[in-house]
Amino acid sequence: MKYVTVLFMGTLLLLFSAFVSDSEEQIQIAEEIWMEIQGYTKWDIIPGGHLMMPGQAPHGKFVTIYANSAAQTALSEDKARMPDGAIYSKDNFDSNKKLNKITVMKKIDSK
């Protein structure tokens with residue numbers, strides 16, 4: 001099984017400066033992603049993952065990683081690249097298993 005290394009962002013504040021120069025467009029993208037992740041805890045957990053699995057810095061001591069259907073399909077088909085629209089949402093928990101942040105990554109078509 002191949003493992004996909006994914007970089008998760010520390011906050012929902014998404015920095016698109018490399019791809020998007022207009023701050024209004026950045027805000028619009030962030031708002032769209034915010035709407036897309038509503039109910040993410042009903043998404044499937046990534047293959048091989050489970051609730052409260054051990055995490056690594058800079059994320060929590062424990063994490064749960066959810067993926068939307070686009071990401072799940074790519075993972076199940078062992079694709080090397082995520083398709084546009086693929087989203088991961090990672091719940092980060094402290095050592096007491098208390099949720100302390102949520103990090104999100106979305107594959108956006110680069111222009």
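Throughout what follows, the structure given in this document is the object of discussion. This one's a predicted model, so the numbers in the text were calculated from it and none came from an experiment.

1. Some points on the overall build of the protein chain
Now for step 1: Looking only at helices and strands, the protein chain features two helices and five strands.
Now for step 2: Beginning at the N terminus, the succession of helices and strands in the protein chain can be written as α-β-β-β-α-β-β.
Now for step 3: Within the protein chain, the proportion of its 111 residues that are buried is 32%.
Now for step 4: Within the protein chain, contacts between residues separated by at least 24 positions form 47% of all contacts whose residues are at least 6 apart in sequence.
Now for step 5: A total of about 7500 Å² of accessible surface is found on the protein chain, and carbon and sulfur atoms cover 55% of it.

2. Focus: the pattern of salt bridges
Now for step 1: For the structure on display, the rule yields three salt bridges.
Now for step 2: Between Glu36 and Lys106 there is a salt bridge, and its shortest N-O distance comes to 2.6 Å. Of the two residues, Glu36 is situated in helix α1 (residues 23–36) and Lys106 in strand β5 (residues 99–106); the sequence distance between them amounts to 70 residues.
Now for step 3: The residue Lys107 makes a salt bridge to Asp84 at a minimum N-O spacing of 3.0 Å. Taken together, the positions of Lys107 in the segment after β5 and Asp84 in the loop between α2 (69–76) and β4 (87–93) put the pair 23 residues apart, joining distant regions of the chain.

3. Quick word on the pairing of β5
Now for step 1: Where β4 meets β5, seven bridges bridge the pair, whose relative direction is antiparallel. Within β5, the residue paired with Phe93 across the bridge is Leu99.
Now for step 2: The turn joining β4 and β5, which pair antiparallel and follow one another in sequence, is formed by five residues; a positive phi near 65 degrees is taken by Lys97.

4. Thoughts on α2
Now for step 1: Within the sequence span of α2, burial applies to Ala71, Gln72 and Ala74. Taken down its axis, α2 places every buried residue within 165 degrees of arc, on the same side. Within α2, the exposed residues directed more than 90 degrees away from the buried face are Ser69 and Ser76.
Now for step 2: Contacts made by the buried residues of α2 are with β1 (44–45), β3 (62–67) and β4.

5. Considering α1
Now for step 1: For α1, with 14 residues, the first-to-last C-alpha span of 20 Å sits near the 20 Å given by 1.5 Å per residue.
Now for step 2: Among the residues of α1, those classed as buried are Ile29, Ala30 and Ile33. Seen from one end, α1 has its buried residues packed into an arc of 100 degrees, which puts them on one side. With respect to the buried face of α1, the exposed residues turned more than 90 degrees away are Glu24, Glu31 and Met35.
Now for step 3: Looking at the buried side of α1, the elements it contacts are β5.

Cut-offs used in this document
- The residue count restarts for each chain, going from 1 along the sequence in the order it is written.
- Residue-level local features of this predicted model are given only where pLDDT is at least 70; pairs of side-chain atoms are given and counted only at 80 or more, and the full residue set underlies all totals for whole chains, interfaces and linings.
- Neither water nor hydrogens contribute to the side-chain values; these are computed over all heavy atoms in the structure.
- Numbering goes from the N terminus for both helices and strands, where a helix is a DSSP run of H or I of at least four residues and a strand is a run of E of at least two.
- Note on classification: 1.4 Å probe, protein chains only; a residue is buried when its accessible area is under 20% of the maximum for its type, exposed when over 50%, partly exposed between these limits.
- What makes two residues a contact is simply this: any of their non-hydrogen atoms within 4.5 Å.
- Only the protein chains shown count as covering a residue, and every accessible area follows the Shrake-Rupley method with a 1.4 Å probe.
- Every case where a carboxyl oxygen of Asp or Glu lies within 4 Å of a side-chain nitrogen of Lys or Arg is listed as a salt bridge.
- When DSSP finds two or more bridges between a pair of strands, those strands are recorded as paired.
- Throughout, the arc means the angular range of directions from the helix axis out to the C-beta atoms.
- Expected span of a helix, by definition, is 1.5 Å for each gap between consecutive residues, and there is one gap fewer than residues.

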